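Inside the fold
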Amino acid sequence: MRRARAVIVSISSAALLLGGAVFGIDTLDKAYPPPLDAAAQRSFEVLDRDGRLLRAFATTEGRWRLKTTAREVDPQFLRMLVAYEDQRFYEHHGIDPWALLRAASQLVTNGRIVSGASTLSMQVARLIEPRADRSFSAKFRQVLRALQIERRLSKADILDLYLNIAPYGGNLEGVRAASLAWFGKEPKRLDSAEAALLVALPQLPEKRRPDRFPAAAKEARERVLQRVAVANVVGEGEADRAALSSVPSRRQELPAYAPHMAAFAKAKFAGKGEAHSTLSLPIQREFETIARHAAEKLGSHVSVAIVMADSLSGEIIAEVGSSDYLDTARRGFVEMSRAVRSPGSTLKPFIYGLAFENGLVAQETIIEDRPSDFSGYRPRNFDMQYQGDVSIRQALQLSLNVPAVKLLDATSPSALMVRFRRADVKLVLPPNEAPGLAIALGGAGISLVDLTQLYAALANRGNPVRLGDAIRGMPEIMESDPLFSSTALWNVSDILSGVLPPLGMKQRGIAYKTGTSYGYRDAWSVGYDGRHAIGVWIGRADNGAVPGIAGYATAAPILFDAFEKSGLPVTPMPAAPAGVARIAHGELPANQRRFAVTASGLLSASRRETAPRIVYPPEGARVELSGQSGISPLVLKLQGGRAPFRWLANGRPLPDASHRRSSEWQPEGQGFSTLTVIDADGRASSVRIFVE
């Protein structure tokens, strides 16, 4: 009986002692947790549309520590790491007893440390809580910390932690930063030699740096490859083949693309650790190379900016703010893609679009290119020459100034500004000045991004789209009226598609326009296909002149090179709307064969009659014509003007000219429509309505 009691007391005492010990250890563990937060700091990363690294920023301590997981690392590297550093990693709980016994035995036998017994968990403990001394007390502390870490983290988490904080020489921490710096590639696909070097470096990262101590680096790599466990991972003969590879001779720069956008993203999303953009790394890389090489040829102070946008989504696919961000002579820190500059002749297509939509002209309408005076404003052509009588098609393709000003005078600068507002683009005008005729030749300010946004609407079948700031989620699909009717849009695109490519360039099926600002300060070229728009600007950030630059000779070759280097297939332009085609001059209606407005804005015929004005339907009216028998005809009424009158619906002439001031139009269906009337003197009036 006494013996039974003694046994019970002993067991109870042991249980209490064990429970107390466990409680004590648990209490201490909670009171002194491992400093895992020390490993949480990462480099801020800016990623492209597919998650590829565009640019990274060093941590506040000046370290390159890029976020990665085991899923993003070559599987063979992971197997080699475990085989070399901790073969029983997935079996132990922080310490490997067999490794400890082996290390102790070697120490006693040889009188020195032959091999270590640190597990990956213990190495993580050492990295998050580094100590200068290598004493037994420091090692014992690592053992305790390793046990604590194993209690808190899974094996996958511990491996990820090691992959993020292991040192690889200098300020490189983590396998991803090391792979990019030493091999110039992500660690997803490492060959055996590269993987072995990355396994070897963390033990003595400074003494084995391949750029400073290549012999030591190569020797350490060979020791990894010759380890039996590693050799079993890489396969027979692979270690010998890997040994023939040289080690990197220099450290490469980490990706540093889109510096202006990246700096903006870091300021905006610093607390999130990363920012996703709409940029495409391969295209951004090509465009930055194009801009840098072009600027080098043009002079030491010249900069180049390029923007590429998807017209369907409004996403900016590539944006080069300057040719070299770090070049102080070029003031590369200035983001010229968003700086306001004079656009030269690049706004002319939109003037012609208005003229086409109002029915004032057709492609083969004749217009005069001769010296003209617009109430004291006397525009001249770029080459100081005049072409005489030319077709509208020729006038736009040759970018003649006088015809463009004549058309703007007829359609009005205010009407042009209204169309720009549809695209959410506002020109910057001189202080206290109303829109004037000088807009046709660049007498206003606009950024390259906004100009590309205008042309993206042309690429998007006339539907405006707002470009974002290249940070994912910012672009918006706009709810706005089309920039032009489908007929006007097709005419503009058809003309611009026929412009000859720059010398030495192949025709790529794109429509494009060039421009040169006054005083040779800016050269532009903007083009589009059926999906994408690209804008190019060349000039000096300080607004100084660059003698010799011109849109066609200087900027257009860069535009064509950018379309080619983007690697994207050219998307065909939309076909002509039903019933719309290029009409020969002799087949045009009489009032469209020659643009009859003179330079002063007066008509060649008498101006005593007032200009025509549509009085019904009024501008913006919603007209209900639907009934049981379908859509009824709409009565059209006008005042003023001189007969005969020709009516156009959505840019298409109604069957016959009329001397009456009323007519009828049969709508094809519901929706927005533009109605225009032109009198015998070429004067026009337009309204936009909605048929219900």
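Residues numbered from 1 in each chain as written. Predicted model: local features only at pLDDT ≥ 70, side-chain atom pairs only at ≥ 80, totals over all residues. Heavy atoms only, no water.

This next bit is on helix H13 (residues 281-298). Along an α-helix, residues three or four positions apart point the same way, because every turn accommodates 3.6 residues. Helix length check: H13 (18 residues) gives 26 Å between terminal C-alpha atoms against 26 Å at 1.5 Å per residue, within 8%. Among the residues of H13, Leu281, Ile283, Gln284, Phe287, Glu288, Ile290, Ala291, Ala294 and Ala295 are the ones counted as buried. On its buried side, H13 packs onto strand E2 (53-57), helix H12 (259-269), strand E6 (303-310), strand E7 (316-320), strand E14 (532-539) and helix H20 (551-565). Among the residues trailing H13, Gly299 stands out with phi positive, at a value near 140°. (Helix = DSSP H or I, 4+ residues; strand = E, 2+ residues; numbered from the N terminus. Expected span 1.5 Å × (residues − 1). Buried < 20%, exposed > 50% of the residue type's maximum accessible area, 1.4 Å probe, protein only. Contact = heavy atoms within 4.5 Å.)

Moving on to H20. Across its 15 residues, H20 extends 20 Å between first and last C-alpha, which sits within 8% of the 21 Å expected from 1.5 Å per residue. What H20 keeps buried is the set Gly551, Thr554, Ala555, Ala556, Ile558, Leu559, Phe560, Asp561, Ala562 and Phe563. Once H20 ends, the next one or two residues include Gly567, with phi positive near 75°.

What follows is about the packing of H13 against H20. Packing of H13 against H20 brings their axes to within 10 Å, and their N-to-C directions diverge by 155°. When the axes of H13 and H20 are compared, the pair comes out roughly antiparallel. For the crossing formed where H13 meets H20, the hand is right-handed. Two secondary-structure elements touch here, H13 through Glu286, Phe287, Ile290, Ala294 and Leu298 and H20 through Thr554, Ile558, Asp561, Ala562 and Lys565. Residues that form the contact of H13 with H20 fall into these classes: six nonpolar, one polar and three charged. (Axes fitted to C-alpha atoms, helices over the stretch in contact; angles between N-to-C directions. Parallel < 35°, antiparallel > 145°, perpendicular 65-115°, else oblique. Left-handed = near helix turned anticlockwise from the far one by under 90°. Nonpolar A, V, L, I, M, F, W, Y, C, P; charged D, E, K, R; others polar.)

As summarised here, the arrangement of the three strands in space is E2-E1-E5, forming an open sheet in which the pairing is mixed. Pairing within the sheet leaves two strands with one partner each, and these edge strands are E2 and strand E5 (274-276). Put simply, the sheet's adjacent strands are angled 10° from each other on average, direction ignored. Alignment of strand E1 (residues 44-47) against E2, held across four bridges, turns out to be antiparallel. Across the sheet, Glu45 pairs through a bridge with Ala56, a residue of E2. (Pairing = 2+ DSSP bridges.)

This part covers the pairing of E7. By the criterion of burial, E7 is predominantly enclosed, with five of the five residues buried. Sheet topology places E6 next to E7; four bridges connect them, and they run antiparallel. What sits directly across from Met308, in E7, is Ala318. Linking two consecutive strands that pair antiparallel, namely E6 and E7, is a turn of five residues; a positive phi of about 80° is found at Gly314 within it.

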